Amino acid sequence: MVTERAQNAPQPTPEAGATVGGDRAWYLYGVTRSDSLIHDLLERTRADVRDAGEALQALICGDLAAIVRPVSSEEFGPEPLEKHLQDVAWLAAVVRAHNDVIAAFHRGRAILPAKFGSVFRSQEDLRAALTEAHDALVRQLDRLTECDEWAIHLYVDRDVVEQRVGEMYPELQRLREDVETARPGRAYLLQRQLDAELASATDAMLSDVALAAFERLQRHAVAGETTSPVRADDPDAEILRAAFLVRRHHLPAFLSEADSITDAGTGVRCEYSGPWPPYSFAAPGDEVP
């Protein structure tokens, strides 16, 4: 998350582990502001997140505090980590603790989450990374202050949309009439043409619906981005999967907009979840408004 010194990936590769000369490296949870309250927040997090134990520390670098804990190279070195990834119970516990630490800090203040598996060889390496990116990270934390991430999923009943599309376009209606009056051989070819044109027109409408919904929600957010490709050819099609960074005082308007997108008459359903730490908006390259 901070620099290439820590290889951040949802599922760490060997390069994401620590290759240390001794038996200790430093596991990074995230970066937050350093001030007089940081140690009180650290103590509350230690109490709330038992899996992280009392080992949690705040490594101070200028205006920043890296939330870390010492880890053993026998557990988080490249080869041991590769083996641990096959251990479902170990992986679940460590990922849960990782997310719980970030969530605990997020409740108290803005934090830039590190992805699971961000390990530094030494405190010196981590300090160097923080120093190099210090000003950019401070701007990001300013951007994330009083913000939460919200997930949006937009679904449609494709059959309902296809019916609407068929009624909206005169050329499709005429083609359907031709199918009904044509001889069997020609009717078969016309039906294939009708199915193709109806599917294409439906896909275009679903794309328009998704874009319109994204733009409506974006008006109430600091930032928004689609989070992964979706399939729009299922009967209950997911046409939009997105994450939005929302200021807390804008949340009522954002959720009201999300609720208004749901329309049983048009087959559109909007679901949302949150608040979450800003996992989708913590890249150093993000523009700062």
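**Observations concerning the overall build of the protein chain**
- Secondary structure assignment for the protein chain yields 10 helices and 9 strands.
- Relative to its 289 residues, the protein chain shows a buried fraction of 44%.
- A sequence separation of at least 24 residues applies to 77% of the contacts in the protein chain between residues at least 6 apart.
- Accessible area of the protein chain: about 15000 Å², with a carbon and sulfur share of 49%.

**Examining the nonpolar core**
- The biggest cluster of nonpolar side chains holds 32 residues, and the ones touching the most others in it are Leu154, Phe244 and Phe254.
- Mapped onto this core, the elements with two or more residues apiece are strand 6 (147-157), helix 7 (158-168), helix 8 (170-181), helix 9 (184-218), strand 8 (236-247), helix 10 (251-261) and strand 9 (268-276).
- The leading source of residues in this core is helix 9, at 10 residues.
- Other than its neighbours up to four places away in sequence, Phe254 contacts Trp150, Ile152, Leu217, His220, Phe244 and Val246.
- Counting 26 residues, the second-largest nonpolar core is a separate cluster that includes Leu28, Leu59, Leu64 and Phe281.

**Overview of the packing of helix 1 (residues 38-48) against helix 4 (residues 88-108)**
- Taken N-terminus to C-terminus, the directions of helix 1 and helix 4 make an angle of 140 degrees; their axes are 10 Å apart at the nearest point. Relative to helix 4, the element helix 1 lies oblique. Once helix 1 is placed against helix 4, the crossing between them reads as right-handed. Counted together, Ile38, Leu41, Leu42, Thr45 and Asp48 of helix 1 and Val101, Ala104, Phe105, Arg107 and Gly108 of helix 4 form the full contact between these two elements.
- Grouping the constituent residues of the contact of helix 1 with helix 4 by class yields 6 nonpolar, 2 polar and 2 charged.

**Examining the pairing of strand 3 (residues 64-72)**
- Summarising burial for strand 3: 8 of the 9 residues are buried, a large majority.
- Bridge count for strand 1 (residues 24-33) against strand 3 is 9 bridges, and the pairing is antiparallel. Across the sheet, the residue bridging to Leu28 is Val68, located in strand 3.
- Taken together, the 5 bridges between strand 2 (residues 57-61) and strand 3 define a ladder with antiparallel strand orientation. Its bridge partner being in strand 3, Leu59 is matched across the sheet by Ala66.
- In this structure, the hairpin formed by strand 2 and strand 3 is closed by a connection of 2 residues, where Gly62 is found at a positive phi of approximately 65 degrees.

**Overview of the environment of Arg121**
- By secondary structure assignment, the location of Arg121 is in the loop between strand 5 (119-120) and helix 5 (123-132).
- Assessed through its relative accessible area of 46%, Arg121 is described here as partly exposed.

**Overview of the packing of aromatic side chains**
- For the structure on display, the rule yields 5 aromatic pairs.
- An angle of 40 degrees between the planes, with centres 5.1 Å apart, marks the rings of Phe214 and Phe244 as tilted. Of this pair, Phe214 sits in helix 9 while Phe244 sits in strand 8, placing them 30 residues apart in sequence. The pair formed by Phe214 and Phe244 is uniform in burial state, with each residue classed as buried.
- Grouped by ring-pair contacts, the aromatic residues Tyr27, Tyr29 and Phe116 constitute a single cluster.

**Overview of helix 5**
- Those residues of helix 5 that sit buried are Leu126, Ala129 and Leu130. Viewed end-on, helix 5 has its buried residues packed into an arc of 95 degrees, placing them on one side of the element. What points out from helix 5, more than 90 degrees from its buried face, is the exposed set Glu124, Thr131 and Glu132.
- Where helix 5 is buried, its residues contact strand 1, strand 2, strand 3, strand 5 and helix 6 (134-144).

**Here we look at the pairing of strand 6**
- A large share of strand 6 lies buried, amounting to 9 of its 11 residues.
- Of the pairings in the sheet, the one linking strand 6 to strand 8 comprises 11 bridges and is antiparallel in character. Across the sheet, residue Val156 finds its bridge partner in strand 8, namely Ala237.
- Two strands pair when backbone bridges link them, and strand 6 and strand 9 are joined in this way by 7 bridges, in the antiparallel orientation. Paired with Ile152 across the bridge in strand 9 is Tyr272.

Cut-off values and rules
Residues numbered from 1 in each chain as written. Predicted model: local features only at pLDDT ≥ 70, side-chain atom pairs only at ≥ 80, totals over all residues. Heavy atoms only, no water. Helix = DSSP H or I, 4+ residues; strand = E, 2+ residues; numbered from the N terminus. Buried < 20%, exposed > 50% of the residue type's maximum accessible area, 1.4 Å probe, protein only. Contact = heavy atoms within 4.5 Å. Areas by Shrake-Rupley, 256 points an atom, 1.4 Å probe, with all protein chains shown as cover. Core = buried A, V, L, I, M, F, W, Y, C linked by side-chain atoms within 4.5 Å. Axes fitted to C-alpha atoms, helices over the stretch in contact; angles between N-to-C directions. Parallel < 35°, antiparallel > 145°, perpendicular 65-115°, else oblique. Left-handed = near helix turned anticlockwise from the far one by under 90°. Nonpolar A, V, L, I, M, F, W, Y, C, P; charged D, E, K, R; others polar. Pairing = 2+ DSSP bridges. Phe/Tyr/Trp six-rings, centres within 6.5 Å; stacked < 30°, edge-to-face > 60°. Arc of directions from axis to C-beta.

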